[in-house]
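Summary of structural features
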Amino acid sequence: MSAAIPMVLLFTFVYAFVKKVNAYNAFIDGAKEAVPLALSLFPYIAAMIMAVELMRASGFYNLLSLAFSPLLKLLGIPSELTQLVLLRPFSGSGSLALVNEIFLKYGVDGYVGRCAAVIFGSSETVFYLTTIYFSDTKIKKLGLALPIALFCCLLSAVLACLMCRFF
Amino acid sequence: MKAEIKISMRYIWFFMMAGSLAILCFTAPEKAVSSLTGSAATSLEISLKLAGVYCLWLGVINVLKQSGAVDALSKKMQPLIKKLFKTQNDETTQNISINVSANLLGVGNAATPPALKAVKQTDDGSGKISRGAAMLFVINSCGLQLIPTTMIGIRAELGSVSPSDIILPCILTSVLTTAAGIFLVCLAFKDK
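Predicted model only: the values in this text are computed from it and were never measured.

1. Comments concerning the overall build of chain A
Summing up its helical and strand segments, chain A has nine helices and zero strands in all. Helices (α) and strands (β) of chain A occur, in sequence order from the N terminus, as α-α-α-α-α-α-α-α-α. The C-alpha atoms of chain A give 20 Å as radius of gyration, which overshoots the globular expectation for 167 residues (15 Å, by more than 25%). For chain A, the C-alpha atoms occupy an extent of roughly 60 × 40 × 30 Å along the three principal directions. Per-residue burial for chain A yields a buried fraction of 47% across its 167 residues. Residue pairs in contact within chain A that sit at least 24 positions apart in sequence constitute 63% of those at least 6 positions apart.

2. With respect to the overall build of chain B
Assigned secondary structure in chain B consists of eight helices and zero strands. Counting every position in chain B, which comprises 192 residues, the buried fraction comes to 43%. When contacts within chain B are restricted to residue pairs at least 6 apart in sequence, long-range pairs at least 24 apart make up 59% of them.

3. Looking at the nonpolar core
Most often, soluble globular proteins have nonpolar side chains that are buried together. By size, the foremost hydrophobic cluster in this structure holds 101 residues, and its most contacted members are Ile-119 of chain A together with Leu-136 and Val-138 of chain B. Taken together, domain 1 (8-67) and domain 2 (68-192) of chain B each give at least three residues to this core, which thus spans both. Setting aside its immediate chain neighbours within four residues, Ile-119 of chain A contacts Leu-81, Leu-84, Val-85, Arg-88, Ser-156, Ala-157 and Ala-160 of chain A.

4. Section: the packing of helix α7 (residues 111-121) of chain A against helix α9 (residues 145-166) of chain A
All names here are of chain A. Where α7 contacts α9, the axes come no closer than 9 Å and their chain directions differ by 140 degrees. Overall, the two elements α7 and α9 adopt an arrangement that is oblique. Of the two elements, α7 crosses α9, and the hand of that crossing is right-handed. Here Tyr-111, Arg-114, Cys-115, Val-118 and Ile-119 of α7 come into contact with α9, specifically with Ser-156, Ala-157, Ala-160, Cys-161, Met-163 and Cys-164. Each residue belonging to the contact of α7 with α9 can be placed in one class, and the counts come to nine nonpolar, one polar and one charged.

5. Brief notes about the interface of chain A and chain B
On the side of chain B, 82 residues touch chain A, which itself brings 80 residues to the contact. Residue assignment for the side of chain A that touches chain B shows that the elements contributing at least two residues are α1 (4-18), α2 (23-31), α3 (34-58), α6 (92-106), α7, α8 (126-133) and α9 of chain A. Among the elements that line the side of chain A that touches chain B, the one with the most residues is α3 of chain A, at 18 residues. The residue inventory of the side of chain A that touches chain B, partitioned by class, reads 56 nonpolar, 13 polar and eleven charged.

6. Points about helix α7 (residues 149-157) of chain B
Those residues of α7 of chain B not exposed but buried are Met-151, Ile-152 and Arg-155 of chain B. Along the long axis of α7 of chain B, the arc covered by the buried residues comes to 100 degrees, so they all point the same way. Of the exposed residues in α7 of chain B, those oriented more than 90 degrees away from the buried face are Gly-153 and Glu-157 of chain B. Along its buried surface, α7 of chain B packs onto α7 of chain A. Following α7 of chain B by one or two positions, Gly-159 of chain B adopts a phi angle in the positive range, close to 80 degrees.

7. Side note on the environment of Ala-40 of chain B
Tracing the backbone through its elements, the reader meets Ala-40 of chain B in helix α2 (residues 29-66). Overall, Ala-40 of chain B belongs to the partly exposed group, with 16 C-beta atoms counted inside 10 Å. Residue contacts for Ala-40 of chain B: discarding those within four places in its chain leaves Ala-46 and Met-50 of chain A.

8. Describing the domain arrangement of chain B
Residues and elements named next belong to chain B. Assigned domains of chain B: these are domain 1 (8-67) and domain 2 (68-192). Taken over C-alpha atoms, the centre of domain 1 sits 23 Å from the centre of domain 2. If you look at the interface, domain 1 gives eight residues, while domain 2 gives eight residues. In terms of residue class, the side of domain 1 that touches domain 2 is made up of six nonpolar, one polar and one charged.

9. Describing unusual backbone geometry
Residue Lys-20 of chain A is not a glycine yet carries a positive backbone phi of 55 degrees. As for its position among the elements, Lys-20 of chain A is in the loop between α1 and α2. By C-beta crowding, Lys-20 of chain A is classed as exposed, having 7 other C-beta atoms within 10 Å. The phi dihedral of Lys-86 of chain B is positive, around 55 degrees, even though this residue is not glycine. Structurally, the position occupied by Lys-86 of chain B is in the loop between α3 (69-85) and α4 (90-105).

10. Notes on the packing of α8 of chain A against helix α6 (residues 131-141) of chain B
At their nearest, the axes of α8 of chain A and α6 of chain B sit 10 Å apart, and the two run at 150 degrees to each other. Looking at the two axes, α8 of chain A sits roughly antiparallel to α6 of chain B. For the element pair α8 of chain A and α6 of chain B, the recorded crossing hand is right-handed. On α6 of chain B, the residues touching Val-126, Leu-129 and Tyr-133 of chain A of α8 of chain A are Phe-137, Asn-140 and Ser-141 of chain B.

11. Some thoughts on the confidence of the model for chain A
The predicted model of chain A has a mean per-residue pLDDT of 93, with 99% of residues at 70 or higher. Averaged pLDDT values for the elements of chain A fall to 92 in α8 of chain A and rise to 97 in α2 of chain A.

Here is what the cut-offs are and how they apply
- Every chain is numbered on its own, with residues counted from 1 as its sequence reads.
- To label them, take the chains in the order written and letter them from A, then take the ligands in the order written and number them from 1.
- Only residues with pLDDT of 70 or above have their local features reported here, since the model is predicted, and side-chain atom pairs are shown and tallied only from 80 upward, although totals for entire chains, interfaces and linings are computed over all residues.
- Helix numbers and strand numbers start at the N terminus; a helix is a DSSP run of H or I with at least 4 residues, a strand a run of E with at least 2.
- We take the radius of gyration over the C-alpha atoms and set the globule estimate at 2.2 Å times the residue count to the 0.38 power.
- Residues with at least 20 other C-beta atoms within 10 Å of their own are called buried, those with 12 or fewer are called exposed, and the rest are partly exposed. The C-beta atoms themselves are positioned from the backbone.
- Our contact criterion uses C-beta atoms placed from the backbone: two residues qualify when those atoms are within 7 Å.
- When buried Ala, Val, Leu, Ile, Met, Phe, Trp, Tyr and Cys residues are joined through C-beta atoms within 7 Å, the set is termed a nonpolar core.
- The split of the chain into domains comes from an automatic or database domain assignment.
- Here, axes are lines fitted to C-alpha atoms. For helices the fit covers the stretch in contact, and angles between N-to-C directions go from 0 to 180 degrees.
- Each angle is binned into one of four classes, with values under 35 degrees roughly parallel, values over 145 roughly antiparallel, values of 65 to 115 roughly perpendicular, and all other values oblique.
- Should the near helix be turned counterclockwise from the far one by less than a right angle, the crossing is left-handed, whereas a clockwise turn marks it as right-handed.
- Gly is placed with the polar residues, together with every amino acid not listed as nonpolar (Ala, Val, Leu, Ile, Met, Phe, Trp, Tyr, Cys and Pro) or charged (Asp, Glu, Lys and Arg).
- In this context, the arc is that of the directions from the helix axis out to the C-beta atoms.
- Scored between 0 and 100, pLDDT is the confidence that the predictor attaches to each residue.

Following this line, the structure appears as structure tokens:
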């Protein structure tokens, strides 16, 4: 399973060799875009990370978790996971750290631990995508796209907790 | 349904910043600036790391493009992409097929650059999101992947009895979520 990506990479180079393509030059050409792209994303990443960190430092996150906990419980999400469900759309690294904490606290193979793993594994950092996907365009009006993405994010948490009861 | 739903980064960011700052002003005002500068520095670190990761994947993607592998892949996926994203453009189709494949393989960082290109290509300058861009954004937001490698790795490290027993619930969850997302985008963005 862990060989999937190395195999794709091996295929990349062997296929290029067979097709008589100069993989070295092609790689350099493609890689040239990397630094400008990452730099252009920097302000978007910074704005998001600063806000997330500020919410944590101020205790705003805990407050929101307390407020949302009953609602999420109604949807079948245990209160141990409220913080994770709230943080997941904002920060990938932050929620990964949270999953680690949950694993250590409630065990990797328990219901809560497995739910946390499935929630993390089957959702995305929606707000991060929102800030960067449209960064290089004139698109300002997202219409219903963001509400739909957020709904899907919540749906995945609800389904994750449901699936873990059966599988 | 017709009522305008004002959820945009503008309001969300304001809510996050203003809410936190308001609390900090009363509880621990000394934390505000140090937390902001600290996380701003962290963001630069993350961006630099990202530049490295993008270097690898943009390089590899270009090798696959030059050798014609991307072309072959996008020809296979074209019927599906045409239907879902309503795009005729070959280059957009290529970028979307790289994005979807990279997501399925669980390499999110390889999926991002082609997605940005595809979104840019669908931009008509009107300021409104196109159906194709909305579809791409929502599908990516649903986190569809075949094997949740990160989670399996961490669970194995922490001594799980069967670290990969989350594969099935993960796939079921993300497939159902993605299906719901596609359905909702089709409803919300009628074909022009």
